[in-house]
Number of protein chains: 2
Amino acid sequence: MCKESEYICVCRLDGIINIISKKWAILIINSIGNRGRARFNQIEEDLEGVSPKTLADTLKNLQNEQLIGRESFNEIPPRVEYYLTDEGKSLREAIVPLLKWTADRDINRTRICAYPCKNGPNRAKRVSLK
Amino acid sequence: MCKESEYICVCRLDGIINIISKKWAILIINSIGNRGRARFNQIEEDLEGVSPKTLADTLKNLQNEQLIGRESFNEIPPRVEYYLTDEGKSLREAIVPLLKWTADRDINRTRICAYPCKNGPNRAKRVSLK
DNA sequence: CAGTATCCAGCGCGATACTG
DNA sequence: CAGTATCGCGCTGGATACTG
């Protein structure tokens, strides 16, 4: 048994865990956190492999949870920026250790990319439709 | 854009995120971490609502990932204990902020239970079969 | 550019029952 | 006690195509 001060009880699941556990959620939080403000396409590029549907869905969920905000500009072509709310920022800070842990673990398995990654993540391109 | 030192790149998902994001995984890690050594039934009680199948599955995954270990004693009735490996312990430390964040968030929404929870989590009972 | 609209497969996960 | 066996539903999220 560990020290009492480290005993953490999370009795209810129905809160954030259901959001966090969605495949891309914490990576989106991280992407926006990294950038300060991020556009749809930028997040899409950071998260190599998300489909626009999934990204849109998850962004909506995160908005509903007040973790991110959305600002759209009346321009052509349209521009939309996402940013972390204060709550989102606190969440990001809370997941930093987890992200670092994950990155470190990958390093130990001789994966390619680590943190800090000065060049940013690998770029994925959305296949243009003909 | 945040400070470079805080820029965290996690380019690959196929590592731990897929495990973490399984609904009960981090709660199991936490339960075992809280207890030091935990038996199947104890974890089942901590995690109000898991089915034995899901628990067994997830425990197996976590073993495969070397995050937890398993020791079984040749007794009747059988006794099995789970514990965190060193890697599991480091993971647990990495998720503590996240768990606290979750708990704090629940408090702000006037949920019942918080941390530290000296009485431990609520007990769920496995319905005995006749 | 920043999405929607569909369609659909897979599997996560719960319910229930049984066992060494 | 600590699981396994089976069944099945629902939701996640990928593929693809289209749009204001």
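In case you missed it, the structure is sitting above this.
A. View of the overall build of chain A. Per the secondary structure count, chain A includes 5 helices and 3 strands. Helices and strands appear in chain A in the N-to-C order α-α-β-α-α-β-β-α. Residue burial in chain A is summarised as follows: out of 130 residues, 46% are buried. Put simply, 52% of the contacts in chain A that link residues at least 6 apart link residues at least 24 apart. For chain A, the exposed area adds up to about 7,200 Å²; of that, 48% sits on carbon and sulfur atoms.

B. Quick peek at the pattern of salt bridges. Going through the model one piece at a time under the given rule, you end up with 16 salt bridges over all chains. Connected through shared salt-bridge partners, R37, E71, E75, R79 and E81 of chain A make up one network.

C. Fine view of the protein's contact with DNA strand C. In the region of DNA strand C, 22 residues are neighbours, and R39, K60, R70 and Y82 of chain A together with K23 of chain B sit closest. Expressed as a percentage, the sugar and phosphate content of the atoms of DNA strand C within 4 Å of the protein is 61%. The separation between a sugar or linking oxygen of DNA strand C and a polar main-chain atom of P78 of chain A is 3.2 Å. In the environment of DNA strand C, a phosphate oxygen lies 2.5 Å from a nitrogen or oxygen atom belonging to the side chain of Y82 of chain A. Taken together, the elements giving at least two residues each to the surface near DNA strand C come down to α3 (40-46), α4 (52-64) and β3 (79-84) of chain A together with α4 (52-64) of chain B.

D. Quick peek at the packing of aromatic side chains. Enumeration according to the criterion identifies 0 aromatic pairs over all chains in this entry. One Lys or Arg, R79 of chain A, reaches over the ring of F73 of chain A and ends 3.9 Å from the middle of that ring.

E. A look at the nonpolar core. Ranked by internal contacts, the top residues of the largest apolar core, which has 57 residues, are I28, I32 and I43 of chain A together with I28, I32 and I43 of chain B. Setting aside residues up to four positions removed in sequence, I32 of chain A forms contacts with R37, A38, I43, L59, I68, Y82, Y83 and L84 of chain A.

F. Here's a closer look at α4 of chain B. All names here are of chain B. Along its 13 residues, α4 runs 18 Å from first to last C-alpha, staying within 8% of the 18 Å computed at 1.5 Å per residue. Where α4 is concerned, the buried positions are L55, T58, L59 and L62. Buried residues of α4, seen end-on, are gathered within an arc of 105° and therefore sit on one face of the element. Away from its buried face by more than 90 degrees, α4 exposes K53, K60 and N64. Looking at the buried residues of α4, the elements they touch are α1 (17-20), α2 (25-35), α3 (40-46), β2 (68-73) and β3 (79-84). Downstream of α4 by one or two residues, Q66 has phi in the positive range, about 60°.

Basis of the calculations
- Residues numbered from 1 in each chain as written.
- Chains lettered and ligands numbered in written order.
- Predicted model: local features only at pLDDT ≥ 70, side-chain atom pairs only at ≥ 80, totals over all residues.
- Heavy atoms only, no water.
- Helix = DSSP H or I, 4+ residues; strand = E, 2+ residues; numbered from the N terminus.
- Buried < 20%, exposed > 50% of the residue type's maximum accessible area, 1.4 Å probe, protein only.
- Contact = heavy atoms within 4.5 Å.
- Areas by Shrake-Rupley, 256 points an atom, 1.4 Å probe, with all protein chains shown as cover.
- Salt bridge = Lys/Arg side-chain N within 4 Å of Asp/Glu carboxyl O.
- Near = heavy atom within 4 Å.
- Polar contact = N/O pair within 3.5 Å; in protein donor to acceptor, adjacent residues only side chain to side chain.
- Phe/Tyr/Trp six-rings, centres within 6.5 Å; stacked < 30°, edge-to-face > 60°.
- Lys NZ or Arg CZ within 6 Å of the ring centre and 35° of its normal.
- Core = buried A, V, L, I, M, F, W, Y, C linked by side-chain atoms within 4.5 Å.
- Expected span 1.5 Å × (residues − 1).
- Arc of directions from axis to C-beta.

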